[in-house]
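# Residue-level structure breakdown
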Amino acid sequence: MTNKTICFLNTNDGFSWYSSSRVYVKGCFSDTENVFYEKEKMLAYFEDTLDEEGLLKKVKNINGIFTVVFQLKDVLYVASDTSRIFPLFYTDVQGVIYLSDSFSFLKEKQEQVKFNSLSEAQFRASGYILGSKTLLENIQQTRSNEFLKISDKGIKQHFYFSYATTSVFKDNYESLRDRTIEVFEKSFIRFIKTLNNRQVVVPLSGGYDSRLIAVMLKKHGYTNAICFTYGKKRNKEAEISEKVAKQLGFKWFMVEYSEKMIQDAFKSKQFYEYIDYTSKSTSMPFFQEYFAVNYLKNNNLITLDSVFVPGHSGDALGGSQLIRVVPKKIKANQVSSLYCRLKYTYSLISNTDKKATQKELNSILLTHDFLYENKKGYSVFEDLDIKEKFSKFLFNSSNVYNFFGYEMRFPFWDLELLSHFKEVPFKYKKGKVLFDDILKAEYFEPYNVAFQKELQPSLHKLRVQKIKNKIKRTGIFASDKNRLLQNDILCYSEITAQMEIMMRNNGVELSSNITSYNDRIMEWYLYYNKGVLKNR
């Protein structure tokens, strides 16, 4: 490594690090010729790199999930894919840059641990930390599609892929539909090629995204697969999930959640190791799949080399965010204001912190692309959301698979699929017109997994929900616990109840301004992260 940079990369759960004299790499990917690289083979992909331009070209051509650390002379480069599923962290301690996948390792290097007050406010309001910051001063995180350059001259940030666009497809609907189907097929065939007949485990919900994964496996003859769902018994998600799995001929498991399961988890050392492993002072801890994956593994229901394939987040490609939050005519220079207003809603955030957050967002947008104002405003919003909320809040939840020693794949975030959908016109993204049409007519109906009553919301329901969300932010629903309980199929009432007990046992006065389970979880996590909750 460089004279003033020390690397400490030792997280080898699920995916392992592979290294040579100048390369560290983790993940798996395909190149432009659809050659698949994993394990030691990934090193060969990078070894003949001669300069920064060559390295950047190789990174741009990678299609998969990865983080790579590469040394060229006295310069260290770090790059990650769109999902940023393998985040790294870095800090400057007396002129020495420490780079690690272990947040706790860097925390121990600090002479004084100091929490960033703005980061705390942003975390409480959104569930993740904005930009390269973390909850702690002087420790930063790598970001989605970032190409980081560390040298004696400092740290420079560059982004090699953007979902923002200046143009869209001009095809008529039928032509665009045909092109989209072709891209879907190529992307999923490429994904299946990476599996090497290992057992695929699909977290099958009642929605469209995971259902398409199951249908694609069936269509392309991949039989070594099982499906599962989880939560309280007799929930609608489980009913649809079971129907789909049985119709496609896949084995199906239902992992039933209970109060005892939750209580036992809070008493176990493993549970807190999981929280530290996945949250890393940057993201809210997610619990919904922890209990299910733990159950599947402990009961030997899945093989040790299984590959989990969640449906993150196909509906976003289809345009689910546009009707909910983003108007078509938004200008790029309005994105930071809209993002700040719509994404920081869990907890009250002061006007001072809102202004500081919007200022940060403006700076981040310029870092992504200093010409971003020339691009379509709604696509700038989508790109920002992918690099912030999707990578840090949603994809980060999939580290539950790594924690238990399993690999994962994200077929919807295939580079070709991303590049295609970013140029789909707004009118075909709004209400997911194109996306849902193709999924239902080309895949679900031929395999008899299109149902009359779906959990997928209609365009009208999305509009109604948008109005409700506005009302909710005014506090009208703040005390509506019955509404929360009615929709709580994942035992979040029981989870947050354990958190409340723990906080009270440690003398913490609980916030009364709680509008959701996530609100309480974030409150709890901040106290936990600061070491306040010693009495468990």
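Residues numbered from 1 in each chain as written. Predicted model: local features only at pLDDT ≥ 70, side-chain atom pairs only at ≥ 80, totals over all residues. Heavy atoms only, no water.

## A look at the pairing of strand β12 (residues 200–203)
Let me state the cut-off plainly: Accessibility here uses a 1.4 Å probe with only protein chains present; expressed as a share of the type maximum, an area under 20% marks a residue as buried, one over 50% as exposed, and anything in between as partly exposed. Strands here mean DSSP runs of E at least two residues long; helices mean DSSP runs of H or I at least four residues long; both are numbered from the N terminus. With the strands aimed away from the viewer, a crossover counts as right-handed if its path from the first strand over the helix to the second runs clockwise. For two strands to count as paired, DSSP must find a minimum of two bridges between them.
The alternating pattern of β12 places Val 200 and Val 202 and Val 201 and Pro 203 on opposite faces, both of which are buried. Crossover β12 to strand β13 (residues 225–231) through helix α6 (residues 208–219) is right-handed. Summarising the sheet, β12 and strand β15 (residues 307–308) pair through two bridges and their orientation is parallel. For Val 201, the partnering residue across the bridge sits in β15 and is Phe 308.

## Brief notes about the sheet that holds strand β16 (residues 407–408)
Strand pairing in a sheet is mediated by backbone hydrogen bonds. Such pairs are either parallel or antiparallel. The condition that has to hold: By definition, residues are in contact when any of their heavy atoms lie within 4.5 Å. For helices, the fitted axis covers only the stretch in contact; all axes are lines through C-alpha atoms, and the angles between them, taken along N-to-C directions, range from 0 to 180 degrees.
Pairing is parallel across the open sheet formed by five strands, whose spatial order is β14-β13-β12-β15-β16. The open sheet terminates on both sides in strands that have one partner only, identified here as β14 (251–256) and β16. Examined bridge by bridge, β13 and β14 share six bridges and lie parallel to one another. Each residue of the ladder has a partner; that of Cys 227, found in β14, is Trp 252. Packed onto the sheet, α6 meets β12 and β13 and runs at close to 150 degrees relative to β12.

## Re the pattern of salt bridges
Two side chains of opposite charge can pair, provided their charged atoms sit close to one another. The criterion, for reference: Criterion for a salt bridge: a side-chain nitrogen of Lys or Arg within 4 Å of a carboxyl oxygen of Asp or Glu.
A complete count under the given rule lists 29 salt bridges for this structure. In this structure, Arg 179 and Asp 171 form a salt bridge, with 2.9 Å as the shortest nitrogen-oxygen distance. Its relative accessible area of 33% is what places Arg 179 among the partly exposed residues. The residue Lys 343 makes a salt bridge to Asp 385 at a minimum N-O spacing of 3.0 Å. One end of the pair, Lys 343, is in helix α13 (residues 335–343); the other, Asp 385, is in helix α15 (residues 377–394), and 42 residues separate them in sequence. The network of salt bridges with common partners includes Lys 186, Arg 190, Asp 414 and Glu 416.

## Thoughts on a positive patch on the surface
Using the following cut-off: Patch membership requires over 30% relative accessible area and the absence of a salt bridge. Like charges are linked within 9 Å, and nonpolar side chains (Val, Leu, Ile, Met, Phe, Trp, Tyr) within 5 Å. Note on areas: these come from Shrake-Rupley sampling with a 1.4 Å probe, and a residue is covered only by the protein chains present in the view. The sign given to each residue is positive for Lys and Arg and negative for Asp and Glu; His and the chain ends receive no count. Where a charge sits is defined by one atom per residue type, namely NZ (Lys), CZ (Arg), CG (Asp) or CD (Glu).
A surface patch of positive charge is lined by Lys 170, Lys 328, Lys 329, Lys 376, Lys 427 and Lys 430. Here Lys 376 lies in the loop between α14 (351–368) and α15.

## Here's the deal with the side chain of Ser 102
Filter applied, for reference: We call two N or O atoms a polar contact when they sit within 3.5 Å, provided that within protein one can donate a hydrogen and the other can accept it, with sequence-adjacent residues counted only if both atoms are side-chain atoms.
Position of Ser 102 among the secondary structure elements: in the loop between β8 (96–100) and α3 (103–109). Note on Ser 102: relative accessible area 14%, which makes it buried. At 3.1 Å, the side chain of Ser 102 and the side chain of Ser 104 are in polar contact. Here Ser 102 is in contact with Phe 8 and Asn 10, once residues within four sequence places are set aside.

## As for the packing of α13 against α14
Here is the rule we go by: Roughly parallel here means an angle under 35 degrees, roughly antiparallel means over 145, roughly perpendicular means 65 to 115, and every remaining angle is called oblique. Handedness of a helix crossing follows the sense of rotation of the near helix relative to the far helix, less than a right angle counterclockwise being left-handed and clockwise being right-handed. Amino acids outside the nonpolar list (Ala, Val, Leu, Ile, Met, Phe, Trp, Tyr, Cys, Pro) and the charged list (Asp, Glu, Lys, Arg) are all regarded as polar, and Gly is one of them.
At their nearest, the axes of α13 and α14 sit 9 Å apart, and the two run at 130 degrees to each other. Here α13 is positioned oblique relative to α14, judged by the angle of their axes. Handedness of the crossing formed by α13 with α14: right-handed. Taking contact as the criterion, the partners of Val 335, Ser 336, Ser 337, Tyr 339 and Cys 340 in α13 are, on α14, Lys 354, Thr 357, Gln 358, Leu 361, Asn 362 and Leu 365. For the contact of α13 with α14, a count of residues per class yields five nonpolar, five polar and one charged.

## What about the packing of aromatic side chains?
How two aromatic rings sit relative to each other is set out by the distance from centre to centre and by the angle between their planes. To be explicit about the condition: Any two of the Phe, Tyr and Trp rings considered here, Trp counted by its six-membered ring, make a pair once their centres fall within 6.5 Å; the pair's planes then place it as stacked at under 30 degrees, edge-to-face at over 60, or tilted in between. Our definition puts a charge over a ring when NZ of Lys or CZ of Arg is within 6 Å of the ring centre and also within 35 degrees of the ring normal.
Counted under the stated rule, the structure contains 50 aromatic pairs. Measuring from ring centre to ring centre gives 6.1 Å for Phe 184 and Phe 435, while their planes differ by 55 degrees; the resulting arrangement is tilted. In this pair, Phe 184 sits in helix α5 (residues 173–193) while Phe 435 sits in helix α19 (residues 433–444), placing the two residues 251 residues apart along the sequence. Judged by its relative accessible area of 0%, Phe 184 is buried. With 5.3 Å between their ring centres and 70 degrees between their planes, Tyr 277 and Phe 403 make a pair best called edge-to-face. Highlighted residues: Tyr 277 in helix α9 (residues 269–279) and Phe 403 in helix α16 (residues 399–403), separated in sequence by 126 residues. Given a relative accessible area of 14%, Tyr 277 falls into the buried group. Note on Phe 403: relative accessible area 16%, which makes it buried. Here the basic side chain of Lys 41 rests over the ring of Tyr 37, its NZ or CZ set 5.3 Å away from the ring centre. The ring of Phe 444 carries Arg 211 above its face, with NZ or CZ at 5.0 Å from the centroid.

These figures come from the coordinates and say nothing about function on their own.
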